[in-house]
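One-letter residues, chain by chain:
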Amino acid sequence: MKAPIPCGSPAGPLFLQILIKYPDAAQEVEILRRTGGLAMPEPEVLLDAEQVIALQNAVTEIPVPDHVYEAIVRLVQSTRPESASAPDYIRSYLAWGAGPRASQCLLRAARALALLRGQTSVSVEEVREVMRPVLRHRLIPNYNATGEGVSVEDILGRLQESL
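Residues numbered from 1 in each chain as written. Predicted model: local features only at pLDDT ≥ 70, side-chain atom pairs only at ≥ 80, totals over all residues. Heavy atoms only, no water.

A few points about the overall build of the protein
Each helix and strand counted, the protein has eight helices and two strands in total. Each helix and strand of the protein, placed in order from N terminus to C terminus, yields the pattern α-α-α-α-β-α-α-β-α-α. At 19 Å, the protein has a C-alpha radius of gyration far larger than the 15 Å of a compact globule built from 163 residues. With the C-alpha coordinates aligned to their principal axes, the bounding extent of the protein is approximately 60 × 40 × 30 Å. Taking all 163 residues of the protein together, 33% fall into the buried category. Sequence separation of 24 or more characterises 70% of the internal contacts of the protein that already satisfy a separation of 6 or more. Just so you have it, the protein exposes about 10700 Å², and 58% of that area is on carbon and sulfur atoms. Once the 16 positive and 19 negative side-chain charges of the protein are each reduced to a mean point, those two points are 4 Å apart. (Helix = DSSP H or I, 4+ residues; strand = E, 2+ residues; numbered from the N terminus. Rg over C-alpha atoms; globule rule 2.2 N^0.38 Å. Buried < 20%, exposed > 50% of the residue type's maximum accessible area, 1.4 Å probe, protein only. Contact = heavy atoms within 4.5 Å. Areas by Shrake-Rupley, 256 points an atom, 1.4 Å probe, with all protein chains shown as cover. Lys, Arg positive; Asp, Glu negative; His and termini not counted. Charge placed at Lys NZ, Arg CZ, Asp CG, Glu CD.)

Here's what the structure looks like:
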């Protein structure tokens, strides 16, 4: 069995940055009920190590049409303020855009989503859906963005619309 290809690791760059909100009061009470005693709940094993590796490898086998590769590269390059393909709002609001590792992670995340959906290939829709968690920590806003109250999420929204 071949080893999975990493796209970020605990010691290196993040693969995704997922925003998780605080639980509401009822959820937090349930957390306390489940974890506030001496006996901790036993985790349920859903997949063993071999199954996880098999799924990681299956992701790399999902076909990707050329237009999806091109859309990923076009998207990532458009985040770079110095790029000829960067829209004006990127040049105005970003100090730093995403690099080639972002393209790799977008591809891997889009493939994983297509696999989870049972699709036979990746579409631009999967790229659109995974772009925020893949890109949000890779874009560095500049002073203009900070001063005008433009967030990375605002910039990602505009990028998402253009994809």
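A short note on the packing of aromatic side chains
When we look at a pair of aromatic rings, we describe it by the centre distance and by the angle of the planes. According to the stated counting rule, one finds zero aromatic pairs in the structure shown. Over the ring of tyrosine 89 we find arginine 158; its NZ or CZ atom is 4.0 Å from the centre of that ring. (Phe/Tyr/Trp six-rings, centres within 6.5 Å; stacked < 30°, edge-to-face > 60°. Lys NZ or Arg CZ within 6 Å of the ring centre and 35° of its normal.)

Looking at a nonpolar patch on the surface
Nonpolar side chains collect at one region of the surface, where Leu46, Leu47, Val52 and Leu55 lie side by side and expose about 360 Å² of accessible area between them. With respect to the helices and strands, valine 52 occurs in helix 2 (residues 49-59). (Patch = residues over 30% accessible without salt bridge, like charges linked within 9 Å, V, L, I, M, F, W, Y side chains within 5 Å. Salt bridge = Lys/Arg side-chain N within 4 Å of Asp/Glu carboxyl O.)

Concerning the pattern of salt bridges
Tallying each qualifying case throughout the model produces eight salt bridges. The shortest N-O distance in the salt bridge between arginine 34 and glutamate 30 comes to 2.9 Å. Taken as a pair, arginine 34 and glutamate 30 lie in helix 1 (residues 25-35) at a separation of four residues, close to a single helical turn. The exposure class of glutamate 30 is partly exposed, given its relative accessible area of 32%. Salt bridges sharing partners connect three or more residues here, namely Glu30, Arg33 and Arg34.

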